[in-house]
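Letter by letter, the chains look like this.
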Amino acid sequence: MNPTIAISTAPVVRTRLRLTARGRRVLAAVAALPAVVALGVGILSGGGALASGEAGASSGSFDTVTVMPGESLWSIAQDIAPDSDPRDVIDEIVRLNALSSSAVDAGQSLAIPAAFSAQTGE
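Quick caveat, the model's predicted, so the values are computed rather than measured. (Residues numbered from 1 in each chain as written. Predicted model: local features only at pLDDT ≥ 70, side-chain atom pairs only at ≥ 80, totals over all residues. Heavy atoms only, no water.)

Considering helix 1 (residues 21-44)
(1) Moving on: End to end, helix 1 covers 33 Å across 24 residues, agreeing with the expected 34 Å (1.5 Å per residue, within 8%).
(2) Moving on: By the largest-angle criterion, Ala32 marks the main kink of helix 1, which is about 40°, and a proline, Pro34, follows within four residues.
(3) Moving on: Across the 24 residues of helix 1, zero count as buried, placing the element largely on the outside. (Helix = DSSP H or I, 4+ residues; strand = E, 2+ residues; numbered from the N terminus. Expected span 1.5 Å × (residues − 1). Bend = angle between axes of the 7 residues up to and from the residue. Buried < 20%, exposed > 50% of the residue type's maximum accessible area, 1.4 Å probe, protein only.)

Structural data, given as structure tokens:
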């Protein structure tokens, strides 16, 4: 007998790419890698934003005052700079001490700008 070879004339249908479960996991990991790296860099370098290259205030640019019972920033401002507007003095004290409000407690030590502490000696 004569062997016959069957030739198919049907068009070849191309199928879409199919990924296995493992392939989907690998693709997801590769796609997430830039986000993970960016998050890691952000976490590791996040503390750098708190510190700056500025030298800060020199030790001679302020004096310290201890808050006595019954004193407020207003009374301290009037005592250390009687010729200045107390609101301006309070603003400087709050900024220098990084206070969240103008409330102070007895026994608290406050830095006073040297410009105002020089007025008390006059």
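Observations concerning the pairing of strand 2 (residues 109-113)
(1) Moving on: Of all five residues making up strand 2, four are buried, and the element is well covered by its neighbours.
(2) Moving on: Looking at chain direction, strand 1 (residues 62-66) and strand 2 are connected through five bridges and run antiparallel. Across the sheet, residue Asp63 finds its bridge partner in strand 2, namely Ile112. (Pairing = 2+ DSSP bridges.)

A short note on the nonpolar core
(1) Moving on: Leu73, Ile76, Ile80, Val89, Ile93 and Leu110 are the most contacted members of the largest nonpolar core, which has 15 residues in total.
(2) Moving on: Apart from residues lying up to four places away in sequence, Leu73 is in contact with Ile90, Ile93, Val94, Leu99, Ser102, Val104 and Leu110. (Core = buried A, V, L, I, M, F, W, Y, C linked by side-chain atoms within 4.5 Å. Contact = heavy atoms within 4.5 Å.)

So, unusual backbone geometry
(1) Moving on: Of note in this structure, Ala98 is not a glycine but carries a positive phi near 55°.
(2) Moving on: Note on placement: Ala98 falls in the loop between helix 3 (86-97) and strand 2.

Here's the deal with the packing of helix 2 (residues 73-80) against helix 3
Geometry of a packed helix pair, given as the angle between the helix axes and the separation of the axes.
(1) Moving on: Look at helix 2 against helix 3: their axes get within 9 Å of each other, and the N-to-C directions meet at 110°. Between helix 2 and helix 3, the crossing angle belongs to the class labelled roughly perpendicular. Contact residues: Leu73, Trp74, Ile76, Ala77, Gln78 and Ile80 in helix 2; Pro86, Arg87, Val89, Ile90, Ile93 and Val94 in helix 3.
(2) Moving on: When its residues are assigned to classes, the contact of helix 2 with helix 3 shows ten nonpolar, one polar and one charged. (Axes fitted to C-alpha atoms, helices over the stretch in contact; angles between N-to-C directions. Parallel < 35°, antiparallel > 145°, perpendicular 65-115°, else oblique. Nonpolar A, V, L, I, M, F, W, Y, C, P; charged D, E, K, R; others polar.)

Overview of the confidence of the model for the protein chain
(1) Moving on: Averaged over the protein chain, the pLDDT score is 80; the fraction of residues at 70 or greater is 78%.
(2) Moving on: Within the protein chain, the lowest mean pLDDT, 67, falls on helix 4 (residues 114-120), and the highest, 91, falls on helix 2. (pLDDT = per-residue confidence, 0-100.)

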